[in-house]
Structures are given as C-alpha cells and as structure tokens.
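Overview (structure and organization)
What follows is each chain in one-letter form.
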Amino acid sequence: MTQLLADPRMTAMLATWLLTYCRVQACFLALPVVSERVLPARLRVALAMSVTPLLAGHAQPVGEIGSLLRLGALAGAETLSGLALGGMVRLFATALDIAASAIAATASLSQLVGAANEYSPHPIGNLLHLAGLAVLMALGFPILACDLLRESLVLHPPGTWPEISRLLPGAVSLVGQGFVMAMLLAAPFILGGFLFQLLSGMISKVMPALPVVFIAAPGAILLALLALAVLAPTILLVWADAVLDRMGTLLR
C-alpha cells in the first residue's frame, strides 16, 4: 500500500477520485430528489460512491498536492462547487412548493395544501411534492443529474473555487424564474378564488340575510378539490419539464 501511494500517478488518481466524490456528494445533498429526508444517509453515500468512478474519468487530474492542508482546501472547494450546483437546481425546483402554498392561500385549502413540513404535514401538499419527485425520476432526472455533474467537471476542473460573480446573478435569476413558474402553476386557482370571492361578495350585497359564508366555504373547498384533481397532472408535468430544461441549460 505504501508503495502504491508513493507512485505519483496513483496519488494523483486517488486525489482526483476523492475530489470528485466531494463534489458529487455535496451536489447530492442539495439536489431535489436525492436530498429528501426519507432517504437514509447511507443510501446517499452509496449513491455518491457508485457515481464517482463513472465521473472521475471526465475530470482533469490534479497536480501535485504536497500536503494534507492543500488537500483539505481542494476538498472544501469541491464541496462548495457541488453545493452550488445542486442548490441552483433546488432553487428553481421549489416552485412547486411555492405554487402549493399559493393554492392553499387562495383556494381555502390552507389545512390541506402546502409545502412538506415535518411539524405540520399537509396531505395534499405532500402528495404533490412526492408526485413531482416521482415524475422527475420517470422523466430521466438521474441521467440528467449525472450529465450535469460531468459537464461541471469538464468546465470546472477539480480544485477550482466557484466563481461568486457568476453564481450570484444566476441564483437571483433562478429565484425570479422559479417564482414566476410558481405563480403560473397556481394561476387557475388564484383567478378562480378571486372570482369566487367576488361572486360571494356580490351575493351578500344583494341578499344580506343569506348566510353566504356557510354556503360559499364548502362550495369553494369542493370546487378547489375538483380543480386540483383535474389540473394536478398538468401542473406536475409542466413543472418537471421546466426543471429538467433548466438543468440542461444551467452550465451553458
């Protein structure tokens, strides 16, 4: 073992593998699917270790490291690069949770629809969240994630620090695009809720003695549930296509 480590080529290869693993593992900690709390930590580590040999061949070999301090600095740079890469995807992918919260606020489903929360779970919101992840996996998310990591290793060799001047504007742009996507996904419910409330207000003005609240609230919830059942497949498909398209153009 000592003789193998004394070989400069073997040392460079092992260092390249280690740095590649750091980037892959950090990216997996931030990506939408593999970073879910339902996945055990051992499974995440196993996934990163299985993908690392496939991607290490596309990375440029690192030069002479010299000391453990420099190796730690390079590993820190790779960890930041992986977190930035996965975080950029996650920033845009949160559009589905934002859309679910907007639907909850405008369609009288605040106790049923919302982002995944371990303290106050929302059944329908969690269903949308898990269904979106399932659609992503069915549309080839793992392959596209590996392609994204491969391109990042080619464009940004191991050991290079991420460029904040490029990451910050890109992150701000993704936040804006994700918010616009969330509003587009929730637009039918926002418009329907506004029209329903407007109609309820007009009825209460015409017939003040009629208990509009007791009649309108069940009707609003029923209509929102029916609209959610009809529009949920389209919402998930549009969101998944947008996430995959954004991943394909992230490094361009």
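This text follows the structure it describes.
Owing to the predicted nature of the structure, the values given are computational and were not obtained by experimental measurement.

**A closer look at the overall build of the chain**
- Helix and strand content of the chain: nine helices and zero strands.
- Mapped from its N terminus to its C terminus, the chain presents α and β elements in the order α-α-α-α-α-α-α-α-α.
- For the chain, with 252 residues in total, the buried portion stands at 37%.
- Within the chain, residue pairs in contact and separated by at least 24 positions form 79% of the contacts whose partners lie at least 6 positions apart.

**A few points about the state of the cysteines**
- Taken as a whole, this structure holds zero disulfides when the rule is applied.
- Counting only cysteine sulfurs, C146 is the nearest neighbor of C27, a cysteine outside any disulfide, at a range of 9.5 Å.
- Taking the relative accessible area as the measure of exposure, C27 reaches 1% and is therefore buried.
- Overall, the relative accessible area of 25% leaves C146 in the partly exposed class.

**A word on the packing of helix 4 (residues 68–93) against helix 8 (residues 164–206)**
- Axis separation between helix 4 and helix 8 bottoms out at 7 Å; the angle between their running directions is 25°. Classified by the interaxial angle, the pair formed by helix 4 and helix 8 is roughly parallel. Residues A84, M88, L91 and F92 of helix 4 touch helix 8, and the partners they reach there are L167, G170, A171, L174, V175, Q177, G178 and M181.
- The residue makeup of the contact of helix 4 with helix 8, split by class, is nine nonpolar, three polar and no charged.

Criteria and cut-off values
Residues numbered from 1 in each chain as written. Predicted model: local features only at pLDDT ≥ 70, side-chain atom pairs only at ≥ 80, totals over all residues. Heavy atoms only, no water. Helix = DSSP H or I, 4+ residues; strand = E, 2+ residues; numbered from the N terminus. Buried < 20%, exposed > 50% of the residue type's maximum accessible area, 1.4 Å probe, protein only. Contact = heavy atoms within 4.5 Å. Disulfide = S-S within 2.5 Å. Axes fitted to C-alpha atoms, helices over the stretch in contact; angles between N-to-C directions. Parallel < 35°, antiparallel > 145°, perpendicular 65-115°, else oblique. Nonpolar A, V, L, I, M, F, W, Y, C, P; charged D, E, K, R; others polar.

Functional significance is not addressed by these values, which are geometric in nature.
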